[in-house]
Amino acid sequence: MKSGDRELFNIKLIMFDLDGTLLDAYIAIEKALNVVRAGYDLGFVSYAEIKRAVGRGDKSLIEDYFPDDIAIEALNSYRQVHRDTLLKDAKLLPYAEDILSYLKERDYLLALGTNRPALFARLIIGHFGIDRFFDYVICGDEIGVFKPEPEMILETMMKFNLNPEEVIYIGDMAIDIETANNAGVRSIALTTGSSSREELITGNPFAIVSGLDRLKDFF
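A brief structural summary. On a predicted model such as this, the values are computed, not experimentally measured, just so you know. (Residues numbered from 1 in each chain as written. Predicted model: local features only at pLDDT ≥ 70, side-chain atom pairs only at ≥ 80, totals over all residues. Heavy atoms only, no water.)

Next up on the list: the overall build of the protein. Looking only at helices and strands, one finds ten helices and eight strands in the protein. Against the 2.2 N^0.38 benchmark of 17 Å for 219 residues, the protein shows a C-alpha radius of gyration of 17 Å, consistent with a compact globule. Its C-alpha atoms give the protein principal-axis dimensions of roughly 55 × 30 × 30 Å. A total of 219 residues make up the protein; the buried ones form 51% of that total. For the protein, restricting intrachain contacts to residue pairs at least 6 apart in sequence, the fraction spanning at least 24 positions comes to 67%. Carbon and sulfur atoms make up 49% of the accessible area of the protein, which totals about 9900 Å². Of the side-chain charges in the protein, 24 are positive and 36 negative, and the distance between the mean point of each set is 5 Å. (Helix = DSSP H or I, 4+ residues; strand = E, 2+ residues; numbered from the N terminus. Rg over C-alpha atoms; globule rule 2.2 N^0.38 Å. Buried < 20%, exposed > 50% of the residue type's maximum accessible area, 1.4 Å probe, protein only. Contact = heavy atoms within 4.5 Å. Areas by Shrake-Rupley, 256 points an atom, 1.4 Å probe, with all protein chains shown as cover. Lys, Arg positive; Asp, Glu negative; His and termini not counted. Charge placed at Lys NZ, Arg CZ, Asp CG, Glu CD.)

Printed below as a string of structure tokens:
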């Protein structure tokens, strides 16, 4: 697949989404959500449904699955339970550490931009030891703006004094492509997460790949 017209010669910074892109935490989310729902005598939510529902942050997830009058309380309970399920059940996706190391050795700037709360994002990348690869980590709750709004990417570009053509965003969901489009940067979509290939195609990313190892075709 590698060819001159597919490589990204002018890219200086590669920004990654976290869940579904570098991390598989769907079981950890499903377990925590259903533990809390059971405490309120609410029904079980399937893994498949939860996988489709994630991507906009845990506050949005809780609002979808709990009545308004208990949503704040449920969110606090969910976060307490999720800390344990995250450390126990989450895992890096295949080639995650390998591709980060590969890109770092080639002197790319690497950043992480995620809707996952900063507390958990920083906890899990530290737990797996991949925090050492990132030059910058930014989370939606830290700046008060979440994807698909482009602020995470725009603030990262400003930090490193980069132009849109020097940045690419890599994610697994249609919302990630939309965020990149809103920021005026290119994107690469992975079929490793919540969105189908058809949904990813709709966003018109620069490329769609089946796994992190395929990123070596471009960088």
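Now that the structure has been shown, the text picks up again.
Let us now look at the sheet that holds strand S7 (residues 186-190). Overall, parallel pairing links the six strands, which are arranged S5-S4-S1-S6-S7-S8 in an open sheet. Because the sheet does not close on itself, it has two edges, and the strands there are strand S5 (136-139) and strand S8 (207-209). Shown here is a sheet whose adjacent strand axes are inclined to one another by a mean of 20°, direction ignored. Inspection of the sheet shows S7 paired to S8 by three bridges, in the parallel sense. Looking at the pairing, Leu190 lines up with Val209 of S8. Lying on the sheet, helix H8 (residues 151-159) is in contact with strand S1 (13-16), strand S4 (109-114), S5 and strand S6 (167-171); it crosses S5 at an angle near 150°. On top of the sheet, helix H9 (residues 174-183) reaches S6 and S7; it is set at about 175° to S7, its chief contact. (Pairing = 2+ DSSP bridges. Axes fitted to C-alpha atoms, helices over the stretch in contact; angles between N-to-C directions.)

Look at the link from Lys147 to Pro148: it is a cis peptide, with omega at 20°. Mapped onto the elements, Pro148 comes out in the loop between helix H7 (140-143) and H8. The phi dihedral of Asp41 is positive, around 60°, even though this residue is not glycine. Within the element layout of this structure, Asp41 appears in the loop between helix H1 (26-39) and helix H2 (47-53). For Asp41, a relative accessible area of 72% corresponds to the exposed category. Although it is not a glycine, Asn204 adopts a positive phi angle of roughly 60°. Position of Asn204 relative to the elements: it lies in the loop between helix H10 (197-202) and S8.

In a pair of packed helices, the angle between the axes and the distance between the axes together describe the arrangement. Interhelical geometry of helix H3 (residues 58-65) versus helix H4 (residues 71-89) gives an angle of 125° and a closest axis separation of 9 Å. Classified by the angle their axes make, H3 and H4 are oblique. Between H3 and H4 lies a crossing whose hand is right-handed. Facing Asp58, Lys59, Leu61 and Ile62 of H3, the residues of H4 in contact are Ala71, Ala74, Leu75, Tyr78 and Arg79. Looking at side-chain class alone, the contact of H3 with H4 contains six nonpolar, no polar and three charged residues. (Parallel < 35°, antiparallel > 145°, perpendicular 65-115°, else oblique. Left-handed = near helix turned anticlockwise from the far one by under 90°. Nonpolar A, V, L, I, M, F, W, Y, C, P; charged D, E, K, R; others polar.)

Attention now moves to the pattern of salt bridges. In the structure shown here, the tally under the stated rule is 14 salt bridges. A salt bridge links Asp89 to Lys31; its shortest N-O distance comes to 3.2 Å. Of this pair, Asp89 sits in helix H4 while Lys31 sits in helix H1; the two residues are 58 residues apart in sequence, bridging distant segments of the chain. Here Asp98 ties to Lys216 by a salt bridge, and the two come within 3.0 Å at their closest N and O atoms. One end of the pair, Asp98, is in helix H5 (residues 96-105); the other, Lys216, is in the segment after S8, and 118 residues separate them in sequence. The partly exposed category is assigned to Asp98, whose relative accessible area is 37%. Taken together, the salt bridges that share partners define one network made up of Asp17, Lys147 and Asp176. (Salt bridge = Lys/Arg side-chain N within 4 Å of Asp/Glu carboxyl O.)

This part covers the pairing of S6. Taking burial as the measure, the five residues of S6 include five buried ones, the bulk of the element. What you see with S6 is no split at all: Val167, Tyr169 and Gly171 on one side and Ile168 and Ile170 on the other are buried throughout. Bridge count for S1 against S6 is four bridges, and the pairing is parallel. In the strand pairing of S6, Ile14 is matched with Ile168. Relative to S7, S6 runs parallel, the two being bridged by four bridges. Looking across to S7, one finds that Tyr169 is bridged to Ser187. After leaving S6, the chain enters H9 and then returns to the sheet as S7, a path that is right-handed. (Right-handed = clockwise from strand over helix to strand, strands pointing away.)

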